[in-house]
Amino acid sequence: MAGALLVRHDDAETLDTIGVRLYADHTTTGGVLSANRAYLPTGTDGPPPHYHATSAELFYLLGGRLRVLAGDDITELGAGDFLLVPPGVTHAWAAPAASSADVLVLFTPGLERFDYFRLAERFRRGDIGLAEFFAEQERFDNHFVDSPAWHAR
């Protein structure tokens, strides 16, 4: 990356089906980070429990509330809260029944997230099946796992 990277809100690619706005991927940041903004309507689940082997995932809540699994702990974030999930730690997130969530999500070092989110968009629309979606876990360092703590919530 040679110099500053500016992505205007209106210029960022938006994936409406999954509520994600794409700001910066590993290719545009020289691998330093990946950044997106996710909007979850009230009571909507985000991704199921998973972990990243190589990157930390950072959540900064811009508005609303966000329920987050980190390891075996479930906590609820409010506007202005920041949460760092280290590599290898199982996590998941969802908007609680009483609130939507608007969250800035950063990965460091950067991961190939844009194509992952585009794949998730295709899955959510029904264009591909679960097997095809799960087949890409290694490529995107997104490893889905079971979490009794999350399912018990």
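Since this is a predicted model, take the numbers as computed values, not measurements. (Residues numbered from 1 in each chain as written. Predicted model: local features only at pLDDT ≥ 70, side-chain atom pairs only at ≥ 80, totals over all residues. Heavy atoms only, no water.)

**Student:** How should I be thinking about the pairing of strand β6 (residues 73-78) in this particular structure?
**Tutor:** Across a regular strand the side chains alternate sides, sitting on one face of the sheet and then on the other. The pairing of strand β5 (residues 56-70) with β6 spans 6 bridges and is antiparallel. Bridging from a neighbouring strand, Arg65 pairs with Gly78 of β6. With antiparallel pairing between neighbouring strands as the criterion, β5 and β6 make up a hairpin whose turn holds 2 residues, including Gly71 at a positive phi of roughly 75°. (Pairing = 2+ DSSP bridges. Helix = DSSP H or I, 4+ residues; strand = E, 2+ residues; numbered from the N terminus.)

**Student:** Explain the side chain of Asp25 to me, please; I cannot follow it from the model alone.
**Tutor:** Looking at the secondary structure, you find Asp25 in the loop between β2 (20-24) and α1 (26-29). It is Arg118 that comes nearest to the buried, bridge-free Asp25 among opposite-charge side chains, at 5.9 Å. With residues near it in sequence (within four places) discarded, Asp25 still touches Leu33, Ser34, Leu111, Glu112, Arg113 and Phe114. (Buried < 20%, exposed > 50% of the residue type's maximum accessible area, 1.4 Å probe, protein only. Lys, Arg positive; Asp, Glu negative; His and termini not counted. Salt bridge = Lys/Arg side-chain N within 4 Å of Asp/Glu carboxyl O. Contact = heavy atoms within 4.5 Å.)

**Student:** It is not clear to me how the packing of aromatic side chains should be interpreted in this structure. Could you clarify?
**Tutor:** For any pair of aromatic rings, the description consists of the separation of the ring centres together with the inter-plane angle of the planes. Evaluated as defined, the whole model comprises 8 aromatic pairs. Judged by centre distance (5.9 Å) and plane angle (40°), the rings of Phe133 and Phe144 are tilted. Residue Phe133 is located in helix α3 (residues 130-134), and its partner Phe144 is located in strand β10 (residues 143-144); the two are separated by 11 residues in the primary sequence. Take Phe133: its relative accessible area is 8%, and that puts it in the buried class. By relative accessible area, Phe144 is classed as buried at 18%. Taken together, the aromatic side chains of Tyr116, Phe117, Phe123, Phe133, Phe134, Phe140 and Phe144 make up a single cluster linked through ring pairs. One residue, Arg113, lies across the ring of Phe107, its end atom 4.6 Å from the ring centre. Directly above the ring of Phe117 sits Arg113, whose terminal nitrogen or CZ lies 5.3 Å from the centroid. (Phe/Tyr/Trp six-rings, centres within 6.5 Å; stacked < 30°, edge-to-face > 60°. Lys NZ or Arg CZ within 6 Å of the ring centre and 35° of its normal.)

**Student:** Looking at this structure, I do not really get unusual backbone geometry. What am I missing?
**Tutor:** Of the consecutive residues Thr108 and Pro109, the connecting peptide bond is found in the cis state with omega at -10°. Locating Pro109 in the fold gives a position in the loop between β9 (101-108) and α2 (114-125). In this structure, Asp141 takes a positive phi of about 50° despite not being glycine. The residue Asp141 is located in the loop between α4 (137-140) and β10 in this model.

**Student:** Explanation requested: the nonpolar core in the structure shown.
**Tutor:** Most often, soluble globular proteins have nonpolar side chains that are buried together. If you look at the biggest cluster of nonpolar residues, it comprises 29 residues, and the most contacted ones within it are Phe59, Leu66, Leu77, Trp93, Val103, Phe117 and Phe133. Looking at this core, the elements that each hand over two or more residues are β2, β3 (34-40), β5, β7 (82-85), β9 and α2. Per element, the largest residue contribution to this core is 5 residues, and it comes from α2. With residues near it in sequence (within four places) discarded, Phe117 still touches Leu15, Ile18, Val20, Leu22 and Asn36. (Core = buried A, V, L, I, M, F, W, Y, C linked by side-chain atoms within 4.5 Å.)

**Student:** How should I be thinking about the pattern of salt bridges in this particular structure?
**Tutor:** Pairing between side chains of opposite charge can happen when the charged atoms of each approach one another. Taken as a whole and assessed by the stated rule, the structure comprises 11 salt bridges. With its nearest N and O atoms 2.6 Å apart, the salt bridge here joins Arg37 to Asp102. Of this pair, Arg37 sits in strand β3 while Asp102 is found in strand β9, placing the two residues 65 residues apart along the sequence. A salt bridge links Arg139 to Glu112, with the nearest nitrogen and oxygen atoms 3.0 Å apart. Taken together, the residues span a long stretch of sequence, with Arg139 in helix α4 and Glu112 in the loop between β9 and α2 at a distance of 27 residues. You can call Arg139 partly exposed: its relative accessible area is 46%.

Any link to function would need more than the numbers given here.
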